[in-house]
Amino acid sequence: MIVSELGWDMLSAGGFPVKLSPNFTLPPLVPQDLRLFDLLRMAQTVTAVAFFALTLGHFSAALIHAFIRRDEVFSAMGFGKDDGV
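Residues numbered from 1 in each chain as written. Predicted model: local features only at pLDDT ≥ 70, side-chain atom pairs only at ≥ 80, totals over all residues. Heavy atoms only, no water.

On to the overall build of the protein chain, then. On a plain count of helices and strands, the protein chain comes out with three helices and two strands. Of the regular secondary structure in the protein chain, the N- to C-terminal order runs α-β-β-α-α. For the protein chain, whose C-alpha radius of gyration is 20 Å, the value lies well above the compact-globule estimate of 12 Å for 85 residues. Counting every position in the protein chain, which comprises 85 residues, the buried fraction comes to 19%. Contacts in the protein chain between residues at least 24 apart in sequence constitute 30% of all its contacts with a sequence separation of at least 6. Of the accessible surface of the protein chain, which amounts to about 6,800 Å², a share of 68% is contributed by carbon and sulfur atoms. Separation between the mean location of the 6 positive side-chain charges and that of the 8 negative ones in the protein chain comes to 7 Å. (Helix = DSSP H or I, 4+ residues; strand = E, 2+ residues; numbered from the N terminus. Rg over C-alpha atoms; globule rule 2.2 N^0.38 Å. Buried < 20%, exposed > 50% of the residue type's maximum accessible area, 1.4 Å probe, protein only. Contact = heavy atoms within 4.5 Å. Areas by Shrake-Rupley, 256 points an atom, 1.4 Å probe, with all protein chains shown as cover. Lys, Arg positive; Asp, Glu negative; His and termini not counted. Charge placed at Lys NZ, Arg CZ, Asp CG, Glu CD.)

As C-alpha cells, then:
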C-alpha cells in the first residue's frame with residue numbers, strides 16, 4: 001500500500017495523470033511541485049527496494065527451513081503434509 005500511495009503522490013507532484021482506465025483518471029493528491037516529485041521518487045524507490053529485500057529474505061528463510069534445516073517449519077506454513085488438525 002505504501003509503495004502505491006507514494007507512486008500516486010509522486011505522479012501527482014510531477015503533473016502526470018494516473019489513469020486506471022481510458023475513462024477513469026484518479027484525482028491528484030498533492031500539488032504539482034518538482035522538488036516534491038524528486039523527494040517522493042526517492043522515497044518510493046527506497047520503500048520498494050526495502051519491500052523487495054524483505055520479501056526475498058522471507059522467501060530465502062522458507063527455503064532454508066525446507067531444504068537445509070528440514071525442521072518442519074516449512075510444513076507448518078501450510079505447504080507440507082497434513083497433520084490432521
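Turning our eyes to something else, we now look at the packing of helix 1 (residues 2-14) against helix 2 (residues 34-69). The geometry of helix 1 relative to helix 2 is characterised by a closest axis approach of 8 Å and an angle of 160 degrees between their N-to-C directions. Accordingly, the angle class assigned to the pair helix 1 and helix 2 is roughly antiparallel. You can see that helix 1 and helix 2 cross each other, and the crossing is left-handed. Contacts from Ile2, Val3, Leu6, Gly7, Asp9, Met10, Ala13 and Gly14 of helix 1 reach helix 2 at Leu34, Leu36, Phe37, Leu40, Arg41, Ala43, Gln44, Thr47 and Ala48. Looking at the contact of helix 1 with helix 2 residue by residue, the classes come out as eleven nonpolar, four polar and two charged. (Axes fitted to C-alpha atoms, helices over the stretch in contact; angles between N-to-C directions. Parallel < 35°, antiparallel > 145°, perpendicular 65-115°, else oblique. Left-handed = near helix turned anticlockwise from the far one by under 90°. Nonpolar A, V, L, I, M, F, W, Y, C, P; charged D, E, K, R; others polar.)

Quick look at the pattern of salt bridges now. Applying the stated criterion across every chain, the model contains one salt bridge. Between aspartate 71 and arginine 69 there is a salt bridge, with the nearest N and O atoms lying 4.0 Å from each other. According to the relative accessible area criterion, aspartate 71 is partly exposed, its value standing at 29%. (Salt bridge = Lys/Arg side-chain N within 4 Å of Asp/Glu carboxyl O.)

Attention now moves to the packing of aromatic side chains. The final tally for this structure, using the stated rule, is one aromatic pair. Measuring from centroid to centroid gives 6.1 Å for phenylalanine 16 and phenylalanine 37, while their planes differ by 55 degrees, and the two rings are tilted. Highlighted residues: phenylalanine 16 in the loop between helix 1 and strand 1 (18-21) and phenylalanine 37 in helix 2, separated in sequence by 21 residues. With a relative accessible area of 14%, phenylalanine 37 lands in the buried category. (Phe/Tyr/Trp six-rings, centres within 6.5 Å; stacked < 30°, edge-to-face > 60°.)

Of all hydrophobic cores here, the largest spans five residues; its members are Leu6, Met10, Ala13, Phe37 and Leu40. Looking at this core, the elements that each hand over two or more residues are helix 1 and helix 2. Setting aside its immediate chain neighbours within four residues, leucine 40 contacts Leu6, Asp9, Met10 and Ala13. (Core = buried A, V, L, I, M, F, W, Y, C linked by side-chain atoms within 4.5 Å.)

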